[in-house]
Amino acid sequence: VAGHLLEVLENKVGKKGLNLRYLAVFVATLEHLLHGDQRERLKQSWAIHSLQPEGTTDVSGLVSVLDVFMAHYVYDSQKAANGYAMTLEDGLREVNTISRIYAPWSNIHASVKEQVEQRKRLSGSALSFEDAAAAADKILDNFQEVSGAMCHDMEKTFFGLKGGETGRVKLQDLRDYGGNLFRESEEYLQELGALDDADPSEPYVYLPNYMLGPSNCDGTTSFYDLCCPNECETHKMHLEQAIAHSSDAVSSITKAVTERLGRPIPGDALGRLKDISKTGTGSFPVHGLSFAAWLHNMFPHECPKPCAADYNGMDGGMVPDAKQDFQATAKDKFLDW
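Below is a summary of the structure that appears in this document. The structure presented is a predicted model; accordingly, all values stated were derived computationally and were not measured. (Residues numbered from 1 in each chain as written. Predicted model: local features only at pLDDT ≥ 70, side-chain atom pairs only at ≥ 80, totals over all residues. Heavy atoms only, no water.)

**Here we look at unusual backbone geometry**
A negative phi angle is the norm for most residues apart from glycine, just as the trans form is the norm for most peptide bonds.
Link 1 in the chain: Positive phi, close to 60°, is recorded for serine 50, a residue that is not glycine.
Link 2 in the chain: Mapped onto the secondary structure, serine 50 falls in the loop between α2 (20–48) and α3 (59–74). (Helix = DSSP H or I, 4+ residues; strand = E, 2+ residues; numbered from the N terminus.)

Rendered as structure tokens:
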């Protein structure tokens, strides 16, 4: 979240938290900022093609504008250095590079051409910036589906390796299979919490931690990264619903997890769940470190192995409390880059 927006929100609501009205205003404001950021990036691509704000271009010109816009969106190493600013030469170089190294580019380019043809049918051969903006909205929507499909393909690759069914495979097996994929350094994997190097001579990689890492994000803007979906959140959502109106959280969680697993919970795991329930202060610590570790053991394909450093809220083994220390934590962790 943008630092200035976060500060305004914190000053407005203080420690009371968000009611529905403020949450709606916050979401609408964030959506406005995201759309504005997208248009600024598109304006830059339009401008470096020597097009005036009120000017028009033809089909091939708009295809080039949108290709450069999308390549700059995906090619995060260049974008991180340049932001909105680039030259046409730089933009075309990014398009050329992405087309060679990024497998889904053919799908993106096909989507660009399809949307430009659609705008031509609606607006004629003279295409404006508003045509470019309308096409970009559709292309980005399609790109989210393409990106999600890539994540699922990567998971299939992972599952095909020895140990893949456990969500943990040898790093060397991953690199031997992946070719140009899975080339991240051990230092990066360590920082990510994806590396199990208990035996330094034979390190392993945790699938969900790796999948959720920034190296698997296909697009980055000033406000968000388009990354692989966190499938563990689906499990958490079902569990939160199960215990919301229950006086026996352990029984409700046990029933919900058994249904999602399709088999009973092992006795030792059930014992740990009961122990975790005793650590909560009035409610089950569903967002705590211990329960995150328990979920990782139950759903090793989807739930990442938690890192203790990510659970440094005021309540100890809990994520930062939005009502107490979210602002301080956000500034410390995210806003001082």
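**Considerations on the packing of helix α13 (residues 267–277) against helix α14 (residues 289–298)**
Link 1 in the chain: Between α13 and α14, the least distance of the axes is 10 Å, while the angle of their chain directions is 165°. Between α13 and α14, the angle falls in the class roughly antiparallel. By crossing handedness, the relation of α13 to α14 is classed as left-handed. Packed against α13, whose contacting residues are Ala269, Arg272, Leu273 and Ile276, the element α14 presents Ser290, Phe291, Trp294, Asn297 and Met298 at the interface. (Axes fitted to C-alpha atoms, helices over the stretch in contact; angles between N-to-C directions. Parallel < 35°, antiparallel > 145°, perpendicular 65-115°, else oblique. Left-handed = near helix turned anticlockwise from the far one by under 90°. Contact = heavy atoms within 4.5 Å.)

**A look at the environment of valine 59**
Link 1 in the chain: Here valine 59 lies in helix α3.
Link 2 in the chain: Among the residues examined, valine 59 registers a relative accessible area of 22% and is labelled partly exposed.
Link 3 in the chain: Placed 60 residues apart in sequence, valine 59 and arginine 119 show a C-alpha to C-alpha distance of 9.0 Å.
Link 4 in the chain: With residues near it in sequence (within four places) discarded, valine 59 still touches Val116, Glu117, Lys120 and Leu127. (Buried < 20%, exposed > 50% of the residue type's maximum accessible area, 1.4 Å probe, protein only.)

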